[in-house]
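Working through the structure, step by step
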Amino acid sequence: MASSSRSQFTSRFGFIMAAAGSAVGLGNVWGFPTQAASNGGAVFLIVYLLMVFLLAFPMLVAELTIGRYGQANSIRSFRAAWPKGKVPMMALGIVGMIVASLILSFYGIVAGWLMGSFAESGLTLIGMKQQGLWLTTYSVPRNLVLMIAFMLLTMYVVRNGVAQGIEKWSTRLMPVLFVLFIVLTLYIFTQDGALEGLKMYLVPDFSQLTPGLAVSAMGQAFFSLSLGVCVMTTYGSYLPKNTNIPKTAAQVALIDTGVAFIAGLMILPAMFVAKHNGVEIFSDSGALLNSDTLVFTVLPAMFDSMGMIGAFVGVIFFLLMIIAAMTSSISMLEVPVSCVTEELKLSRTKAVLVIGGIIIAISATIVCNFQLLFGAVIQLTTVYSQPIIALLITLTVGWIWNRHQILAELKQGYPELENSWFWKIWPWYVRIICPILMLMVFFT
Ligand code: TRP
């Protein structure tokens, strides 16, 4: 099935950067800290870590393995796992591809705002704050222009292919992201008020532990590891056969969780630094202001209150967010692009133009009907579609796909697999525990 001309990641490091780049995104830098801040801080952190370890990591192995076995886009890879059930398997791949595109269509809007805030901080830095106002003031034209700019960048990277586009840019951008992150977190620590945020993040308040919290933590873990929409199946299909999948998946999950953890170390203290500087972060009822306010008003207000250095810190912060968003959005775009190039035999350039154009059109529709569609699309894709598709994927790997084939596939990069604790636990885990956990969490 493998075609020798199909592209691959050129190194394990490159793959890890690309997969971690997909995983590390707005979900980590923005979603996780705000969820933690509004769900009892440390308690959310603990439940989240459990969800990553118990649910998301085994799923990540499952998705990567299907992709590498199929050596093709997700539609074809799922079909290879169950040749007799061609139609339902292809449908799974197609639905995954559509959901990935829809996630990108709202992700691109938010990433566009980040580009606006980045440019505005830059203009402030050179004393042109007034000229930058348009970029951060809500309007339909501004949302459209910024979203299209971001989408064009994403399309540019994906057009250059797996090794020359995705891998190259991920290995360039991810290390920059790590460095900026550490520098910024250390800087926030030196500010007054930071300690209060740190306390909220690291000292658990168990009265906050509710079933709803487990659902949020699961959703967050799935979103953060880019599961349930064939992104990881697609990336897995570009993995060389001699890669040890469980080990690589563990590293990706660790990096992703590590970045989310550090983001919490940065954002929660930053919120309280902002509060210390007189910026409002809690509403009158004592609840945290909602999450979009946090990144787009609370933090900029804090940067403003720090004077000139604040504008500089703002530039770095938004640059970091844009990098995180970019390495994620390319992974989403790659899913439909790989399907279209391989199934319809279009060239990569044409496929990127057609699919990118469609996603921009969907995004533009959302922008023009923002109140109606923005929240609804997020809800539909992340709250319903992702867990349901993920459930179908575990059922496929646990019950349908032939166990000997799975063993043979994983063994290629992990010859001692049969004697490992991983192989003693994982197949049963994916077969029984993952689906039960998902159903439990989903129905509570
Ligand atoms: N995981 C990324 C984040 O945390 C976003 C992302 C990339 C994603 N690909 C995905 C989310 C696929 C869901 C599905 O921001």
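To be clear, the structure that these remarks concern was listed above.
What this report covers is the structure whose coordinates are included nearby. Everything quoted here is computed from the prediction, not taken from an experiment.

With that settled, the discussion passes to the site of the ligand. As a structural note, the neighbourhood of the ligand is formed by 17 residues, with Ala 23, Gly 27, Tyr 107, Phe 223 and Ser 224 the closest of them. A distance of 2.8 Å separates an oxygen atom of the ligand from a polar backbone atom of Gly 27. Between Asn 28 and the ligand, the recorded distance is 3.2 Å, taken from a side-chain N or O atom to an oxygen atom. Elements represented by at least two residues in the shell around the ligand include exactly α1 (12-23), α2 (26-38), α5 (86-125), α10 (211-224) and α14 (308-343). Among the residues forming the shell around the ligand, the class breakdown is eight nonpolar, nine polar and no charged.

Between the first and last C-alpha of α2 there are 17 Å, a value that for 13 residues agrees with the 18 Å anticipated at 1.5 Å per step. Of all bends in α2, the biggest is about 25°, found at Phe 32, and the proline Pro 33 comes one to four residues later. Burial analysis of α2 places 11 of its 13 residues in the buried class, which makes it a mostly covered element. Regarding α2, the residues found buried are Leu 26, Gly 27, Asn 28, Val 29, Trp 30, Gly 31, Phe 32, Pro 33, Thr 34, Ala 36 and Ala 37.

With respect to the element layout, Asn 28 can be found in helix α2. A polar atom in the side chain of Asn 28 sits 2.7 Å from the side chain of Asp 256.

Scanning the entire structure with this criterion turns up 24 aromatic pairs. Ring centres 6.2 Å apart and planes at 85° place the aromatic pair Phe 303 and Phe 318 in the edge-to-face group. Of the two residues, Phe 303 sits in helix α13 (residues 291-305) while Phe 318 sits in helix α14, which places them 15 residues apart along the sequence. Phe 318 shares its class with Phe 303; the two are buried. Taken together, a centroid distance of 4.5 Å and an interplanar angle of 20° make the contact between Phe 370 and Phe 374 stacked. Of this pair, Phe 370 and Phe 374 both sit in helix α16 (residues 370-400), four residues apart, which is roughly one turn of the helix. Pair check on accessibility: Phe 370 and Phe 374 agree, each one buried. Counting every residue linked through ring pairs, the aromatic cluster contains Trp 30, Phe 106, Trp 113, Tyr 138, Phe 296, Phe 370 and Phe 374. Directly above the ring of Trp 169 sits Arg 172, whose terminal nitrogen or CZ lies 4.8 Å from the centroid.

What follows is about the nonpolar core. Counting residues in each nonpolar core, the largest one holds 156 residues, and the members touching the most others are Met 302, Phe 317, Val 397, Trp 426 and Met 438. Here the element with the most residues in this core is α14; it accounts for 18 residues.

With that out of the way, let us pick up the pattern of salt bridges. Scanning all chains against the criterion turns up nine salt bridges. Across the pair Glu 342 and Arg 6 runs a salt bridge, and its minimum N-O distance is 2.8 Å. One end of the pair, Glu 342, is in helix α14; the other, Arg 6, is in the segment before α1, with 336 residues separating them in the sequence. Pair check on accessibility: Glu 342 and Arg 6 agree, each one buried. Between Arg 68 and Glu 409 there is a salt bridge whose closest N-O contact spans 2.7 Å. Of this pair, Arg 68 sits in helix α3 (residues 42-70) while Glu 409 sits in helix α17 (residues 403-411); the two residues are 341 residues apart in sequence, bridging distant segments of the chain. We classify Glu 409 as buried; its relative accessible area is 3%. Connected via shared salt-bridge partners are Arg 68, Lys 241 and Glu 409.

Rules and cut-offs
- Residue numbering note: each chain is counted from 1, following its sequence as written.
- Per-residue local features are limited, in this predicted model, to residues with pLDDT of at least 70; the limit for side-chain atom pairs, both in listing and counting, is 80 or more; totals at the level of whole chains, interfaces and linings are taken over all residues.
- The side-chain figures draw on all heavy atoms in the structure; neither hydrogens nor water molecules are used.
- Definition of nearness: a residue and a molecule or strand are near each other if at least one heavy atom of the residue lies within 4 Å of the molecule or strand.
- As used in this structure description, the phrase polar contact means that two N or O atoms lie within 3.5 Å; if the pair is within protein, one of them must be able to donate a hydrogen and the other to accept it, and residues adjacent in sequence are counted only when both atoms belong to side chains.
- Secondary structure counts use DSSP, requiring at least four H or I residues in a row for a helix and at least two E residues in a row for a strand, with both numbered from the N terminus.
- Polar here means any residue outside two lists: the nonpolar Ala, Val, Leu, Ile, Met, Phe, Trp, Tyr, Cys and Pro, and the charged Asp, Glu, Lys and Arg; Gly therefore counts as polar.
- The length a helix should cover is 1.5 Å for every residue beyond the first.
- Values of bend correspond, residue by residue, to the angle between axes fitted over the seven residues ending at that residue and the seven starting there.
- For each residue, the accessible area found with a 1.4 Å probe, counting protein chains only, is set against the maximum for its type, and the residue is called buried under 20%, exposed over 50%, and partly exposed in between.
- The criterion for an aromatic pair is that two Phe, Tyr or Trp rings (for Trp, the six-membered ring) have centres within 6.5 Å, with stacked assigned to planes under 30 degrees apart, edge-to-face to planes over 60 apart and tilted to the rest.
- Remark: a charge is flagged as sitting over a ring if the NZ atom of Lys or the CZ atom of Arg is within 6 Å of the ring centre and within 35 degrees of the ring normal.
- Residues grouped as a nonpolar core are buried Ala, Val, Leu, Ile, Met, Phe, Trp, Tyr and Cys residues, joined through side-chain atoms within 4.5 Å.
- A carboxyl oxygen of Asp or Glu within 4 Å of a side-chain nitrogen of Lys or Arg is what we treat as a salt bridge.

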